[in-house]
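# Architecture and fold: a report
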Amino acid sequence: MTEGPHPTDGHPDGAGHDLAALSPEEPIPNPGLPPHEPRPTDVDAAQERRAERQVAGMFILAALLALAFCVLYFVIPPPSDQSATFMGYGASNLALGLTLGLALLLTGAAAIQWAKKLMGNQDIIEARHSTASPPNVREEQVAAFKLGVAESGFGRRTLIRNSMFAALGMLGLPAIVLLRDLGPLPGNLTSITVWKRGIRVVNDVSGTPLRPSDIAEGQLVNAEPALFFDEVGPNGKVIKAKYTGTALNDQKAKAAVILVRMLPTDIKSAQERAWGVNGIVCFSKICTHVGCPISLYEQQTHQLLCPCHQSTFDLTEDGKVVFGPAARPLPQLPIMVDKEGYLVARSDFHQPVGPSFWERG
Amino acid sequence: MATTDESATRAPRTAASNGKGKGNPVSWLDDRIGLAYQGKILLRKVFPDHWSFMLGEIALWSFVILLLTGTFLSLWFVPSMSEIVYHGPYHQLNGIHMSEAYASTLHISFDVRGGLLMRQIHHWSANIFIAAMTIHMLRIFFTGAFRKPREINWLIGLGLLMLGILEGFAGYSLPDDLLSGTGLRIADGIIRSIPVVGTYLEFFIFGGQFPGDVFISRLYIVHVLLIPGILLALISAHMILLFYQKHTQWPGPGHTNENVVGAPFFPIYTAKAGGFFFMVFGVTALLGAVLQINPIWMYGPYDPSQVTAGSQPDWYMGWLEGALRIMPNWETHIGGFTISWNVLIPGAAVMGVLFTLLAIYPFLERWITGDNRDHHILDRPRNQPTRTGLGVAGVTAYGLLWLAGGNDIIATHFHVSLNAITWFMRFAVFVGPVITFIIARRWAISLQRSDEHLLLHGYETGVIIRSPEGGYSEIHAPLSQESAYQIASRERRPPVGVPELEDEYGVRARGTAAERVRGRLHELWFGDEIPKPTAAELEEAHHHESPEGPLLEDGGHHGIESGGQIGGEEFDLEESSER
């Protein structure tokens, strides 16, 4: 391509240029396709037979492996029998995977070897047609389209056209409105949890209520509201858990908490100390970043680290963020001790738990 | 099919059969669907060959494997969040409450023979599918295969990549295990962060509060019908355009912008590409046999109050995870409303920005270079230093974000402060790409210089001769015609699409501000490039008599090009046998 003015609007035929052909300045002319080099299999009958045997051998082996797969499928016990292992691998998975994998691999290798060694390998040249239509075709079709537009009166009958747009536009609305019942409106569900005054803070695995003396200094206990567990009432009757199944998960996703006991003097915030019991404080377990449960507690610094995105919260100072992507402190649950000496909530959280949202304020 | 032809000619001709034999499947089909016309387009269609053209094939075949194994899995998978108590062969989880989705995944893994294998093949191919698409896209980018007329296929490819990532995320979220549930919880946090409609979207998507009881079944239909359907349609469009526009080819002897050189579709390409499907399937099956992936039974069922330390998403989510991790904790409160930049930017904007940049790139480059020609010959990356630099910068940014997604793993494995890594990454994602852009661009230009040197002075033979004066120099021999053409066939700097800002009389041309910007960008784009030598320069170099004589003390690259000067029989270069 020579330097200088060049039409930038492209050529109507869309064709590029053979640079060598166009420019006398091109240093090396296109030498053209090099002559076909025969492969060993093209000239040596022994090599050809060898390649033939290779290809057929691989196909036959693949067929045998496919058969072996079927046999092993019935012979080897399913993975549920966890004693059936081979070199640490589950026997069934390994046997089926190896036979199937090798059968497939050999089939593919055979086909490719066949193509490479035995099929004619002379490069052929095909001319590129222009991607664009020839100009006359383009003009014809543009004219045909314009004729169609004229015949329909699309441009002229504006009333019809615009009312059609209105109809098509409005028809989009039912498609959106129909989705309304996908779910309920959020209401205040994002701001409240099941915690309220008097609900016991219980161990998250056993459901046993906790006394202040159950928590040692520097200890973290994962806890949940007692409503999530069957309880033995004062008269010995079992009170069924209020939440089970998916409803339980919905509530757990908001109400899970952690209890930590520190020296009361370690707590820097007066409010935090007041909301706790003798240095035992209760915080939401749900990260204020994107909602992972937080559980990595650093005993010396009383910091809590989220294992998902490493937001770090300082439990001695209202759960404030000391590092990471979370913007808001961990909400604290005010707790007290009930008549029987167990830890209970004093109220719900005073702010929404979990990730931020628009209406949160 | 000689025998068929014979029978065709022997068969009594009737008007109805149009002279073709009854019972001949070719005639039967041709009479009905014009088979010969299709064959004319297809059978001897030429496909150029290069290893890098295989990357897209890996993506295509992984998708086919995903359809096959996915169909198998759907025969047993129960997309339900209804809770059951597990009693099954995996004793460790007996008596545990879990969703039917999780229980059925356990069933597939332990009770269905070959089920675990199919699950693992499915998961491995998903990882390979997205990896192959990503690398295929990089190949297209660095070789300029996105240029006119292939911009639309570039956009379709981006759509495929984006949907592939979503599809993968949907897929590994379905088993409802602790790891996937944690991923969904994060997705829920991101959805929530969307201004104005966030909580509404959250409640509509999850059918109420997170996690709710409908999400898995909704996600299932998205995963097995909606996205695969769109993927299939886009893949078809991708292939149809590839067929219509014909494949690009590398510069080389006999290759021009007006032809396509290679093997015919039938039989070579059919055998190679068809065989390659079995190879890809075989490799994923072997991976499924020996490399455990996503052992959901070890994570346990999802419980919103539990999490595993060191949780990692599948690899293709890593860069978004990294963005979430290193984003500073910015949050704005205005008039009683909250905007969570710390979630919104990494969760939604980063992906949006990357894909928008990729989508506009072909059009941006065309605008800057003013190059409106069709391109069917690929660029060697060195011959487009600025593009190559930009691509490397993009890869760097992606790679750094991806690494940041494993900041906890890096911290624990290499005993580095997690906070230090995070702070480093916060700056590195901006500084790193700039540095690698400069390095890659200069590197490409150096390679151009090296090419120019090869062309003008030949290659270093490694043969050192000593002159009578005692100086040493190395003999250079000219390249073969083929190699020389490969190097020399690169395009000269494409013509400037805008007129110069000043004409020859120094009068400023009237132009819009945009055109001026474009003119300046054009200069930056091609600045510092090594111009390709002209035929005259090449001729000159080949017959050049160095003033210092043929033997150079400085070891400089002037060399000895013409055979006559070195007088050696073995290096009679004028008569190079390679010509």
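The residue numbers shown here count from 1 along each chain, following its written sequence. Chains and ligands are labelled by the order in which they are written, letters from A for the one and numbers from 1 for the other. Reporting of local features is limited, given that this is a predicted model, to residues whose pLDDT is at least 70; pairs of side-chain atoms are given and counted only at 80 or more, and all residues count toward the totals for whole chains, interfaces and linings. The side-chain figures draw on all heavy atoms in the structure; neither hydrogens nor water molecules are used.

## Here's the deal with the overall build of chain A
When its secondary structure is counted, chain A shows 8 helices and 16 strands. At 38 Å, chain A has a C-alpha radius of gyration far larger than the 21 Å of a compact globule built from 361 residues. Taken over the C-alpha atoms alone, chain A extends approximately 95 × 75 × 45 Å along its principal axes. When accessible area is computed with a 1.4 Å probe and restricted to protein chains, residues below 20% of their type maximum are described as buried, those above 50% as exposed, and intermediate ones as partly exposed. Looking at chain A as a whole, 42% of its 361 residues are labelled buried. By definition, residues are in contact when any of their heavy atoms lie within 4.5 Å. Partitioning the intrachain contacts of chain A with sequence separation of at least 6 by distance along the chain shows that 57% fall at a separation of at least 24. Accessible areas in this description were obtained via Shrake-Rupley with a 1.4 Å probe; residue shielding takes into account the shown protein chains only. Just so you have it, chain A exposes about 18,800 Å², and 61% of that area is on carbon and sulfur atoms. For chain A, the centre of its 31 positive side-chain charges and the centre of its 35 negative side-chain charges are spaced 12 Å apart. Numbering of helices and strands starts at the N terminus; helices are DSSP runs of H or I of at least 4 residues and strands are runs of E of at least 2. Only the C-alpha atoms count toward the radius of gyration. The rule for a globule is 2.2 Å times the residue count to the power 0.38. For this count, His and the chain ends are skipped, Lys and Arg are scored as positive, and Asp and Glu as negative. In this description, the location of a charge corresponds to atom NZ of lysine, CZ of arginine, CG of aspartate or CD of glutamate.

## Thoughts on the side chain of Gln-120 of chain B
Within the secondary structure, Gln-120 of chain B is located in helix H6 (residues 115-143). Taking relative accessible area as the criterion, Gln-120 of chain B reaches 2% and is therefore assigned buried. Here a polar contact means two N or O atoms within 3.5 Å. Within protein one must be a hydrogen donor candidate and the other an acceptor candidate, and residues neighboring in sequence count only if both atoms are side-chain atoms. A distance of 2.7 Å separates a polar side-chain atom of Gln-120 of chain B from the backbone oxygen of Gly-288 of chain B. For Gln-120 of chain B, the side chain forms a polar contact with the main-chain nitrogen of Ile-293 of chain B, separated by 3.1 Å. Discounting chain neighbours no more than four positions away, the residues touching Gln-120 of chain B are Asn-93 of chain A together with Gly-288, Leu-291, Gln-292 and Ile-293 of chain B.

## Observations concerning the packing of aromatic side chains
Side-chain rings of Phe, Tyr and Trp, where Trp is taken by its six-membered ring, are said to pair if the distance between their centres is within 6.5 Å; with planes under 30 degrees apart they count as stacked, over 60 as edge-to-face, and otherwise as tilted. On inspection of all chains with the given rule, the structure shows 32 aromatic pairs over all chains. Arranged with centres 6.5 Å apart and planes meeting at 85 degrees, the rings of Phe-59 of chain A and Trp-114 of chain A form a pair that is edge-to-face. Of the two residues, Phe-59 of chain A sits in helix H3 (residues 45-75) while Trp-114 of chain A sits in helix H4 (residues 91-118), which places them 55 residues apart along the sequence. Put simply, the rings of Phe-141, Phe-142, Phe-146, Trp-154, Tyr-361 and Trp-525 of chain B pair up and form one aromatic cluster. Note on geometry: a ring has a charge over it if NZ (lysine) or CZ (arginine) is within 6 Å of the ring centre and within 35 degrees of the ring normal. Just above the ring of Trp-28 of chain B sits the side chain of Arg-32 of chain B; from NZ or CZ to the centre is 3.9 Å. The ring of Trp-423 of chain B has Arg-426 of chain B sitting right over it, with the charged end atom 4.6 Å from the ring centre.

## A few points about the interface of chain B and chain A
Opposite the 132 residues of chain B that make contact, chain A presents 111 residues. Interface of chain B and chain A: buried area, both sides summed, is about 10,200 Å²; carbon and sulfur atoms make up 61% of it. Two parts lose some accessible area (1.4 Å probe) when they are put together, and adding that loss for both gives the buried area. Of all residues in chain B, Arg-113, Arg-192 and Gln-209 of chain B give up the largest surface area on contact with chain A, accounting jointly for 7% of the area buried on that side. Just to be clear on terms, a salt bridge is a Lys or Arg side-chain nitrogen sitting within 4 Å of an Asp or Glu carboxyl oxygen. For the interface between chain B and chain A, the tally reads 2 salt bridges. Linking Lys-252 of chain A and Asp-303 of chain B is a salt bridge whose minimum nitrogen-to-oxygen distance equals 3.0 Å. Linking chain B to chain A there are 36 residue pairs in polar contact (both at pLDDT 80 or more).

## Considering the nonpolar core
Side-chain atoms within 4.5 Å link the members of a nonpolar core, which is a set of buried Ala, Val, Leu, Ile, Met, Phe, Trp, Tyr and Cys residues. Counting 89 residues, the largest nonpolar core has Ile-121, Phe-129, Trp-154 and Ile-165 of chain B as its most contacted members. It is H6 of chain B that contributes the most residues to this core, 12 residues altogether. If we skip the residues at most four places from it in the chain, Ile-165 of chain B touches Ile-130, Tyr-316, Met-317, Met-351 and Phe-355 of chain B. With 26 residues, the next largest nonpolar core counts Val-221, Leu-248, Ala-255 and Val-353 of chain A among its residues.

## A short note on the pairing of strand E8 (residues 257-261) of chain A
Residue and element names in this part refer to chain A. Across the 5 residues of E8, 5 count as buried, placing the element largely inside the fold. Of the two faces of E8, the one holding Val-257, Leu-259 and Arg-261 and the one holding Ile-258 and Val-260 are both buried throughout. Sheet topology note: the strand E5 (residues 220-225)/E8 ladder contains 4 bridges and is antiparallel. Paired with Asn-222 across the two strands is Ile-258, which belongs to E8. By this definition, two strands are paired if DSSP reports at least two bridges between them. Where E8 and strand E9 (residues 280-284) come together, 5 bridges link them in antiparallel fashion. Among the inter-strand pairings, Val-257 is bridged to a residue of E9, identified as Ser-284.

## Comments concerning the pattern of salt bridges
All names here are of chain B. What the rule picks out here adds up to 25 salt bridges over all chains. Salt-bridge contacts for Arg-147 lead to Glu-491; the nearest nitrogen and oxygen are separated by 3.7 Å. Placement of the pair is Arg-147 in the loop between H6 and helix H7 (151-173) and Glu-491 in the loop between helix H18 (481-488) and helix H19 (513-526), with a sequence separation of 344 residues. The burial state of Arg-147 is the same as that of Glu-491; both residues are buried. Within the structure, one salt-bridge network assembled from shared partners comprises Arg-147, Glu-365, Asp-371, Arg-373, Asp-379, Arg-387 and Glu-491.

## Concerning the sheet that holds strand E4 (residues 259-264) of chain B
Hydrogen bonds between backbone atoms are what pair the strands of a sheet, whose relative direction is either parallel or antiparallel. Here 3 strands make up an open sheet; going across it, the order is E3(A)-E4(B)-E1(B) and the pairing antiparallel. One side of each edge strand has no neighbouring strand; the edge strands of this open sheet are strand E3 (124-127) of chain A together with strand E1 (46-47) of chain B. Pairing analysis gives 2 bridges linking E1 of chain B to E4 of chain B, with the strands arranged antiparallel. Across the sheet, the residue bridging to Val-46 of chain B is Pro-264 of chain B, located in E4 of chain B. Note on definitions: angles span 0 to 180 degrees between N-to-C directions of axes, and those axes are lines fitted to C-alpha atoms, for helices only across the stretch in contact. The strands touched by helix H11 (residues 265-290) of chain B within the sheet are E1 and E4 of chain B, with E4 of chain B carrying the most contacts at an inclination of about 70 degrees.

## Quick notes on helix H13 (residues 318-326) of chain B
All names here are of chain B. H13 sits mainly inside the fold: 9 of its 9 residues count as buried. All buried positions along H13 are accounted for by Gly-318, Trp-319, Leu-320, Glu-321, Gly-322, Ala-323, Leu-324, Arg-325 and Ile-326. Looking at the buried positions of H13, the neighbouring elements they touch are helix H8 (178-193), helix H14 (341-369), helix H15 (385-404), helix H16 (407-414) and helix H17 (418-457).

## Overview of the state of the cysteines
All names here are of chain A. For the purposes of this analysis, a disulfide is any pair of cysteine sulfur atoms at a distance within 2.5 Å. The full count for this structure, using the stated rule, is 1 disulfide over all chains. In this model Cys-292 forms its disulfide with Cys-308; the gap between the sulfur atoms is 2.2 Å. Negative torsions about the S-S bond denote left-handed disulfides, and the value of about -90 degrees found for Cys-292 with Cys-308 makes this one left-handed. Placement of Cys-292 in the loop between E9 and strand E10 (296-298) and of Cys-308 in the loop between strand E11 (303-305) and strand E12 (312-314) is noted, with a sequence separation of 16 residues between them. Residue Cys-292 shares its accessibility class with Cys-308, and that shared class is buried. No disulfide involves Cys-306; its nearest neighbouring cysteine sulfur is the one of Cys-287, lying 4.0 Å away.

## Overview of unusual backbone geometry
Cis geometry is found at the peptide bond from Phe-210 of chain B to Pro-211 of chain B, where omega equals -5 degrees. Inspection of the secondary structure assignment puts Pro-211 of chain B in the loop between helix H9 (198-205) and helix H10 (215-245). Of note, Asn-278 of chain A is a non-glycine position whose phi angle comes to about 50 degrees, a positive value. Its place among the elements puts Asn-278 of chain A in the loop between helix H8 (270-274) and E9. By relative accessible area, Asn-278 of chain A is classed as exposed at 56%. One non-glycine residue with positive phi stands out, namely Lys-246 of chain B, at about 65 degrees. The topology assignment puts Lys-246 of chain B in the loop between H10 and E4.

## Side note on the confidence of the model for chain B
Residues and elements named next belong to chain B. On a range of 0 to 100, pLDDT expresses the predictor's confidence in each residue. Per-residue confidence for chain B gives a mean pLDDT of 87, with 87% of residues at or over 70. Overall, residues 1-17 carries pLDDT values under 50, and its contacts beyond four positions in sequence, including any with other chains, amount to 6 contacts. Scored as a complex, the prediction yields pTM 0.90 and ipTM 0.90.

## Quick look at a nonpolar patch on the surface
By definition, no residue in a patch forms a salt bridge, and every one has over 30% relative accessible area; like charges are joined within 9 Å, nonpolar side chains (Val, Leu, Ile, Met, Phe, Trp, Tyr) within 5 Å. Nonpolar side chains collect at one region of the surface, where Phe-86, Met-87, Tyr-89, Leu-98 and Leu-102 of chain A together with Val-290 and Leu-291 of chain B lie side by side and expose about 630 Å² of accessible area between them. Inspection of the secondary structure puts Leu-98 of chain A in helix H4.

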